[in-house]
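So you can see what is in the structure, the chains are spelled out below.
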Amino acid sequence: MTGRAGAPARRSLLYAAAAGITAAFTAAPHASAAPRPAPGLPRAGTHWTSSWATAQTAPTADDPLASAGLTDGLCVTRLRLSAGGQVRLRYAHAFGTAQVLVGPVTAGGRPVTFGGRAQAWLAAGASLTSDPVVGLRAADGSLLTVETRLPGPTGPLSFHRNTHAWHTVDGVRTRSVFLLTGVETTGARGPVLAVLGDSIAEGSGTPDDADLRWPDQLARRLSGSAVANLGISGNRLLLDSDRFGPSAQARFDRDVLSLPGLRTVLVHLGVNDLHHLPVERDPARMVAAYRQLALRARSAGLRAVGATITPFEGWTRWTPEADAVRREVNEALRTGRVFDAVADFDAALRDPDRPSRLLPAYDSGDGLHPGTEGHTAIAAAVDPRHLR
């Protein structure tokens, strides 16, 4: 009897409490006006994408500058954007063991800040994103010069060994880029994709400073697209390497999933597994690895596109056994529904009279790396309908 009599009163108290909580939540946004963006900064909700990117490795004994690091060093990086718009920079120290002070920095001659300050600490193993660069709006496909002061001493620096473009460190020419891993912009109007690749995506076979790597050519072909080139020479699908970096399996989350606004990942790896020691002779292992990359991409809401492995007879470590594995892997990619779509680079580049070789017009001369015309053919083999 007592419980029934008290129930209406308890319900009233619960309703009142619930009403109070609802009022508190609905009233909270009106407690203070939303802050206005500072002059020159984008409004909230601006869509950032990677207009230029590079993937890092750790220095080895054959990389004296990166191994020794810098003290009061000035790194001048010249790079080609894909999509334009407002600009911000990303630095990373994926293989660092100590924090590094970054700055002052300029981009396009304009000062770059980090939380309003000219300098910021980049933690070991972490990344660092700048504020939008006030007063800088880049055009699609434009060249951008980034000057980065590293007061140091930095210790060993995470870097990209060969961008197939020339930069300077303290006035000395180098093809390497230190700590800078991305330029992000707001103007993408077309597909937004990352290319997870090896030396072919990196640009081997094309002239330095010509921006004729196939990801560059694809970006020009697809107006307003943002293309992040994550090619690393020598990189493998399955195994890590001290010189050529973690495998695609190991670096996928850091190099691909960390990119803002990404919609598609295109995987073009596998040839190095077939000829670098220890060589891979089990096509099923390679196909399983591709499936895992596709699954991880889809789990992050991305479209996954896979590329077939191009011919490489004529390369010093080519063997008929390696080519048999390559052909079996390619057939599985074409027919096995491993990826959401397939870019058939093998079909685009092979010599129809000898399918284990590149078409002579596409060969840079070493049997493995396509020349400029070959990179053009690769870019043309990517179906825009498979991108988003």
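Residues numbered from 1 in each chain as written. Predicted model: local features only at pLDDT ≥ 70, side-chain atom pairs only at ≥ 80, totals over all residues. Heavy atoms only, no water.

- The name an unreviewed UniProt entry gives the protein chain is SGNH hydrolase, with Streptomyces badius as the organism.

Topic: the packing of helix α4 (residues 214–221) against helix α10 (residues 372–380)
- Relative to each other, α4 and α10 sit at 50°, their axes nearing to 8 Å. Comparing their axes, α10 and α4 come out oblique. Along this stretch, α4 crosses α10, giving a crossing that reads as right-handed. Where α4 approaches α10, its residues Trp214, Gln217, Leu218 and Arg221 are matched on the opposing element by Thr372, His375, Thr376, Ile378, Ala379 and Ala380.
- Here the residues of the contact of α4 with α10 are counted per class, giving five nonpolar, four polar and one charged. (Axes fitted to C-alpha atoms, helices over the stretch in contact; angles between N-to-C directions. Helix = DSSP H or I, 4+ residues; strand = E, 2+ residues; numbered from the N terminus. Parallel < 35°, antiparallel > 145°, perpendicular 65-115°, else oblique. Left-handed = near helix turned anticlockwise from the far one by under 90°. Contact = heavy atoms within 4.5 Å. Nonpolar A, V, L, I, M, F, W, Y, C, P; charged D, E, K, R; others polar.)

Structural notes on the pattern of salt bridges
- Tallied over the full model, the rule gives 26 salt bridges.
- Across the salt bridge formed by Arg88 and Glu184, the nearest N and O atoms sit 2.6 Å from each other. Remark: Glu184 occurs in strand β15 (residues 180–185) and Arg88 occurs in strand β3 (residues 85–92); sequence separation between them is 96 residues. Neither Arg88 nor Glu184 differs from the other in exposure class; each is buried.
- Measuring nitrogen to oxygen at the nearest pair gives 2.7 Å for the salt bridge that ties Asp208 to Arg175. Of this pair, Asp208 sits in the loop between α3 (199–202) and α4 while Arg175 sits in the loop between β13 (172–174) and β14 (177–178), placing them 33 residues apart in sequence.
- The partly exposed category is assigned to Asp208, whose relative accessible area is 26%.
- With relative accessibility at 32%, the residue Arg175 sits in the partly exposed group.
- Three or more residues joined by partner-sharing salt bridges are found here, namely Asp323, Arg326, Arg327, Glu331, Arg334, Asp344, Asp346 and Arg350. (Salt bridge = Lys/Arg side-chain N within 4 Å of Asp/Glu carboxyl O. Buried < 20%, exposed > 50% of the residue type's maximum accessible area, 1.4 Å probe, protein only.)

Some words on the environment of Trp166
- Here Trp166 is to be found in the loop between β11 (159–160) and β12 (167–169).
- As for Trp166 and Val177, which are separated by eleven residues in sequence, their C-alpha atoms are 9.3 Å apart.
- Setting aside residues no more than four positions away along its own chain, Trp166 makes contact with Arg78, Arg173, Thr174, Arg175, Asp208 and Asp209.
- Within the structure, the side chain of Trp166 is placed 3.5 Å from the side chain of Asp208, a separation counted as a polar contact. (Polar contact = N/O pair within 3.5 Å; in protein donor to acceptor, adjacent residues only side chain to side chain.)

Considerations on the pairing of strand β16 (residues 192–197)
- Burial of β16 is extensive: six of the six residues sit out of reach of the surface.
- Side chains Val192, Ala194 and Leu196 of β16 all project onto a buried face; the interleaved residues Leu193, Val195 and Gly197 project onto the opposite face, where all are buried too.
- Across five bridges, the pairing between β16 and strand β18 (residues 264–268) is parallel. In the strand pairing of β18, Val195 is matched with Leu266. (Pairing = 2+ DSSP bridges.)

Re unusual backbone geometry
- For the bond from Gly103 to Pro104, the omega torsion is 5°, close enough to zero to count as cis.
- Structurally, Pro104 is set in the loop between β4 (100–102) and β5 (105–107).
- Look at the link from Leu277 to Pro278: it is a cis peptide, with omega at -5°.
- Along the chain, Pro278 falls in the loop between α6 (271–275) and α7 (283–299).
- Even without a glycine there, the phi angle at Asp72 is positive, about 55°.
- Mapping Asp72 onto the fold places it in the loop between α2 (64–68) and β2 (73–80).
- A positive phi angle is found at Leu179, which is not glycine, with a value near 70°.
- Topologically, Leu179 is positioned in the loop between β14 and β15.

Comments concerning the environment of Pro156
- Tracing the chain through its elements places Pro156 in the loop between β10 (143–150) and β11.
- As a C-alpha pair, Pro156 and Val100 span 56 residues in sequence and 9.9 Å in three-dimensional space.
- Residues in contact with Pro156, not counting those within four places in the same chain, are Pro59, Ala66, Ser67 and His93.

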